[in-house]
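Residue-level structure breakdown
In case you want the letters, here they are:
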Amino acid sequence: MSGASVWQGAGQRIYIQEVGPRDGLQMESVFVPTADKIAMVNALSAAGVAKVEVTAFVSPQAIPALADAQEVLRGIVRRPGTVMTCLVPNIKGAQRAMEAGADELNLVMSASETHNLCNLRMLREQSFAGLAEVVAVAQQGSVAVNVSLSCSFGCPMEGDVPAAEVLGWAQRFIDLGVQGITLCDTTGMAHPAQVHALVSAFKARWPQTTLTLHFHDTRAMALANVLAAIAAGGDRFDASVGGMGGCPYAPGASGNACTEELVHALQLMGYDTGVDLAALTAVAASLPALIGHATPSAIVQAGPVSQRHPAPASLPDIRARAQARCLA
């Protein structure tokens, strides 16, 4: 797609992948009840998103907010066409997720050595070795695997992460037979020129591998980066309802790209997201009652541009006075 045509979607399908139930809720200090998590996932699925990251099969001590992973995954309604994925850190987590019926396993490591040490307490080579074992287990169980490479667009401690390093780690996982790769802007450092270049390089090298982009809005560039990725051939994007999320190793980091803001913008431009914006916004509007605080969603606060507001009751008098002045 050319840079000029990115402004006119002309019905092109863009796949929206919701990460709020995992990436968003894991950052919250409150524990959202299991039944409410299930209802949230069901509502997001019914709204038409292509994929939902339902939960994470990690230690309850590490992420207490997601301690009910198995109950949530087993309790949700499965909607044809919606992939239910789960983050898993190791073989034990993978086995638990597969037993609970995950459609896909999402594995995570960082393209930055420093971030990987801070986030996972391992060198990148150690992470790769462990995740390679998880890939083998998933393949034995015929479960799809996606690998998310954190800090693909920069590390808050190291700075730029060379594109060659990012693509090199992608190559190693693709060689293992994984179905998808997600390039993550974990701390909101990406900019459109960088995104366009990296997505173009990835698509040229692996046109058959499913590529997802995961942007954060820390510096208010998430939507601009989505458009740059589309111009380079990207068509799958992670986003978080209400704009929830963040990163504990990036001071000032805000949440993920906001799902309803992204859907709103893309639909106005003529892209087909397959998502019911009103249903999605209703989910976002319900979040403050669950998490105990407002979310940054501009669509919840201001409504879509199609929303109309009543004129002031004094409009007839204003109109009459204006017309009188014209006749004077």
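Residues numbered from 1 in each chain as written. Predicted model: local features only at pLDDT ≥ 70, side-chain atom pairs only at ≥ 80, totals over all residues. Heavy atoms only, no water.

As annotated in an unreviewed UniProt entry, the chain carries the name Hydroxymethylglutaryl-CoA lyase and comes from Comamonas jiangduensis. Taken verbatim from the UniProt record of the chain, the Sequence similarities (unreviewed entry) comment is "Belongs to the HMG-CoA lyase family." (UniProt positions renumbered as here; feature names shortened; annotations may be inferred.)

1. Here we look at the nonpolar core
Ranked by internal contacts, the top residues of the largest apolar core, which has 92 residues, are Leu105, Leu149, Ile181, Leu183 and Phe215. Contact partners of leucine 105, with chain neighbours within four places excluded, come to Thr85, Cys86, Val88, Ala94, Ala97, Met98, Val134, Ala138, Val143, Ala144, Val145 and Asn146. (Core = buried A, V, L, I, M, F, W, Y, C linked by side-chain atoms within 4.5 Å. Buried < 20%, exposed > 50% of the residue type's maximum accessible area, 1.4 Å probe, protein only. Contact = heavy atoms within 4.5 Å.)

2. A closer look at unusual backbone geometry
Generally, phi is negative for residues other than glycine and the peptide bonds are trans, each holding for most cases. Even without glycine at this site, arginine 121 takes up a positive phi of about 60°. Its relative accessible area of 61% is what places arginine 121 among the exposed residues.

3. Description of the layout of surface pockets
When its volume is computed, the largest pocket comes out at roughly 1100 Å³. Looking at the largest pocket, it is lined by 49 residues, and the ones nearest its centre are Arg22, Gln26, Leu87, Asn119 and Leu120. Looking at which element gives the most residues to the lining of the largest pocket, the answer is helix α6 (residues 124–140), with four residues. Within this model, the second largest pocket holds a volume of roughly 230 Å³. (1 Å grid on protein atoms, 1.4 Å probe; cavity = no way out; pocket = protein on both sides within 12 Å on 5 of 7 lines; lining within 4 Å. Points joined across faces, edges and corners; volume = space filled by probe spheres on them. Helix = DSSP H or I, 4+ residues; strand = E, 2+ residues; numbered from the N terminus.)

4. Quick word on the pattern of salt bridges
Scanning the entire structure with this criterion turns up eight salt bridges. One salt bridge connects glutamate 53 with arginine 22, and the closest N-O pair in it is separated by 3.0 Å. Pair noted here: glutamate 53 is in strand β2 (residues 51–56) and arginine 22 is in helix α1 (residues 20–24), with a separation of 31 residues, a long-range link. Taken individually, glutamate 53 and arginine 22 each receive the classification buried, so the pair is uniform in this respect. Across the pair arginine 124 and glutamate 165 runs a salt bridge whose closest N-O atoms are separated by 2.8 Å. Pair noted here: arginine 124 is in helix α6 and glutamate 165 is in helix α7 (residues 163–175), with a separation of 41 residues, a long-range link. Overlapping salt bridges, with partners in common, bring together Arg22, Asp23 and Glu53 in one network. (Salt bridge = Lys/Arg side-chain N within 4 Å of Asp/Glu carboxyl O.)

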